[in-house]
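Here is what each chain is made of, one letter per residue.
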Amino acid sequence: MREALGRIKSIKSLKILRSIRLRIFLCVFILGILPCIFMRYFILSSYESRIVSVRTGQVQALLHVVSDRLISTDYLRSPANPEMSGELTEFANQIGGRIMVVGPDLKVLADTYKKSEGSLVVSGDVVRCLRQGNRAATSRYDREDNFIELFMPVGGVSDGSDAQAVPFGLGRSGRQVDGVIMASVSTNEIETTLELLRRRTLLLEIILILVLFFIAVFVASILLEPFERLTGAIRDVQAGFTTDDIDVGSYTETEHIGDAFNQVLGRMRTMDESRQEFVSNVSHELKTPMTSMKVLADSLLQQGDMVPPEMYREFLQDIDDELDRENKMISELLSLAKMDRRQVSMNVTDVNINELAEIVMRRVRPLARQKDIELTMVSEREITAQVDEVKMTMVFTNLIENAVKYNREHGSVHVTLNSDHRNFTFTVEDTGVGIPQESLDRIFDRFYRVDKSRSREIGGTGLGLSITRSAVLLHKGTIEVESEEGVGTRFIVTIPLRKQSEG
Ligand code: ADP
């Protein structure tokens, strides 16, 4: 059993059977062939039964005549009638078969083959004929031995006076007949005609099967043609011959596949563009501090031995600042790359969010003081959440620092903490320069800065908000921004209180 199942499985996994072309071919071919086979069988068998029934009808008509003659000559009561025997032989020749006359005592009175005269016939059909009279006239077609057998009752007895003489209780019914005519005719000619017909229809069937074979091949390739074109178009894109969207709209199915493929293509294009942009941004950003350092070092070297020590110190300090910036950028890029690949391990613990926000506020306060910026925080309730403390600190620090960095002198930054039964919300609102509407979508992109020179001036890398967003997404949270130029900006971060399961 298991072996058989295994064999079926291995047949199913045969590559050729997985082909939709083969399946369509088989469907068309088999659906075409079946009616042909049934039709041939139906035509042959209905022709055979028709021809047999015609032949039976002819013989029956003749047997009626024989029956009438037997009654008129009272042959059954006095069978010693050579004239009638001769007639019987003639009748038998007319039907091309054998005629036997059986009396009511089942004894054979006449046999045109002269073989069974005087012997007893024990046959169900004869007994039935004797019992049931004219209703029991029967015929039987023996296909195996090629003959038709007919049984016909002769006359009838109404007074039942002879009933006692009749064996097998035939007298009880009161419907006895005088005797039965048995006839058998050969059906060899029918068989010959049928054989001829069989051969002709077989030839026709073979021709039809061949035609159907080509029709099935043709239909399968016509139906699959759009899929072939689709595969070709996808291959062209894969080989790099074209980057255009593919369009195979012959079927709804191919259209859907094409649309899905075009969407993937679109995503790949966007990814490719952003990868190229990212690489050129990285090279540019990393090169900028290098160029500054080169300029600083070159100008020191050109001065020769005449450089005063203060100038050395000043230039070295600048080179040190540039190195810090380069360092910061590289470590930020590394942590972003890690978060992108989800390689970063999340060290989730129960963290008091109010305390964490307080600590960050305390750290940023000196920076705010330099610009006389008022830093306030309102905690609506005590919040404890399952988060990665380091990453959450990074999120809070980046947002509060940005709110201070991109603020005006004597401005203010307001932080709000709140929660419901599922999430906590952290809002940072400032009275700074704001972000133009068209840049709102892009500020989370790597290296995107609204005002490049201003950001550089205040030590920005353009990576802070990308890192912030990645950290928020790792917590399965959301980050939104609202801003009005010259008025201020509000960042809203929502994080689930409990750690979300993967997926
Ligand atoms: P940067 O290191 O330049 O601060 P970020 O990724 O943190 O990089 O921010 C990207 C850009 O978004 C900034 O250069 C700035 O133009 C803008 N931005 C961020 N936060 C604010 C804010 N609170 N107010 C106005 N602009 C902001």
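Up top is the structure these notes are about.
Residues numbered from 1 in each chain as written. Predicted model: local features only at pLDDT ≥ 70, side-chain atom pairs only at ≥ 80, totals over all residues. Heavy atoms only, no water.

**Q** Help me out: how do you make sense of the overall build of the chain in this one?
**A** When you go through the chain residue by residue, the secondary structure sums to 11 helices and 12 strands. In terms of C-alpha radius of gyration, the chain reaches 54 Å, well past the compact-globule figure of 23 Å for 503 residues. Over its C-alpha atoms, taken along the principal directions, the chain stretches across nearly 165 × 55 × 45 Å. Here the chain, with 503 residues, has 37% of them falling under the buried criterion. Partitioning the intrachain contacts of the chain with sequence separation of at least 6 by distance along the chain shows that 68% fall at a separation of at least 24. Approximately 30400 Å² of the chain is accessible, and the part contributed by carbon and sulfur atoms is 55%. Of note, the chain has its 61 positive side-chain charges centred 7 Å away from the centre of its 71 negative side-chain charges. (Helix = DSSP H or I, 4+ residues; strand = E, 2+ residues; numbered from the N terminus. Rg over C-alpha atoms; globule rule 2.2 N^0.38 Å. Buried < 20%, exposed > 50% of the residue type's maximum accessible area, 1.4 Å probe, protein only. Contact = heavy atoms within 4.5 Å. Areas by Shrake-Rupley, 256 points an atom, 1.4 Å probe, with all protein chains shown as cover. Lys, Arg positive; Asp, Glu negative; His and termini not counted. Charge placed at Lys NZ, Arg CZ, Asp CG, Glu CD.)

**Q** What exactly am I supposed to notice about the site of the ligand here?
**A** The full set close to the ligand counts 21 residues, and Asn402, Tyr406, Ser455, Thr461 and Leu465 are the nearest of them. Residue Asn402 places a side-chain N or O atom 2.8 Å away from an oxygen atom belonging to the ligand. Gly464 is positioned such that a nitrogen or oxygen atom in its backbone is 3.3 Å from an oxygen atom of the ligand. Of all the secondary structure elements, the ones that give two or more residues to the shell around the ligand are α9 (389-405), α11 (464-474) and β12 (488-496). (Near = heavy atom within 4 Å. Polar contact = N/O pair within 3.5 Å; in protein donor to acceptor, adjacent residues only side chain to side chain.)

**Q** Just checking my understanding: could you explain the sheet that holds strand β4 (residues 147-154) for this structure?
**A** In any sheet, the strands associate via hydrogen bonds between backbone groups, in a parallel or an antiparallel arrangement. Across the sheet, 5 strands lie side by side as β2-β1-β5-β4-β3; this open sheet has antiparallel pairing. A strand with exactly one partner marks an edge of an open sheet, and here the two such strands are β2 (108-111) and β3 (138-142). Recorded for the sheet is a direction-independent mean angle of 15 degrees between the axes of neighbouring strands. Helix-sheet contacts for helix α3 (residues 82-95) involve β1 (97-102), β2 and β5 (179-186), and the interaxial angle to β1 is about 140 degrees. (Pairing = 2+ DSSP bridges. Axes fitted to C-alpha atoms, helices over the stretch in contact; angles between N-to-C directions.)

**Q** Before we go on, may I ask you to explain helix α4 (residues 124-132) in this structure?
**A** The periodicity of an α-helix, 3.6 residues per turn, causes residues three or four positions apart to be oriented the same way. Those residues of α4 not exposed but buried are Asp125, Val126, Cys129 and Leu130. Down the axis of α4, the buried side of the element spans an arc of 135 degrees, and every buried residue falls inside it. Positive backbone phi, approximately 70 degrees, marks Gly133, located one or two places after α4. (Arc of directions from axis to C-beta.)

**Q** Sorry, what's going on with the pattern of salt bridges here?
**A** Any two side chains of opposite charge can pair, so long as their charged atoms come close to each other. Within this structure, the stated rule accounts for 23 salt bridges. In this structure, the salt-bridge partner of Arg21 is Glu228, at a minimum N-O distance of 2.7 Å. Of this pair, Arg21 sits in helix α2 (residues 20-72) while Glu228 sits in helix α5 (residues 188-239), placing them 207 residues apart in sequence. The salt bridge involving Arg325 is made with Glu322; its shortest N-O contact spans 3.8 Å. Separated by 3 residues within a single helix, Arg325 and Glu322 lie in helix α7 (residues 309-340), roughly one turn from each other. By relative accessible area, Arg325 is classed as buried at 15%. On the basis of relative accessible area, Glu322 is assigned to the buried category, the value being 15%. (Salt bridge = Lys/Arg side-chain N within 4 Å of Asp/Glu carboxyl O.)

**Q** I would appreciate a short explanation of the sheet that holds β12 in the present structure.
**A** The 5 strands lie next to each other as β7-β9-β10-β12-β11, forming an open sheet whose pairing is mixed. With one partner strand each, in any of the chains shown, β7 (374-379) and β11 (478-484) form the two edges of the open sheet. Put simply, the sheet's adjacent strands are angled 10 degrees from each other on average, direction ignored. This element, α9, spans β7, β9 (412-419), β10 (423-430), β11 and β12 of the sheet and lies at about 20 degrees to β10. Strand contacts of α11: β11 and β12, with the helix running at about 140 degrees to β11, the strand carrying the most contacts.

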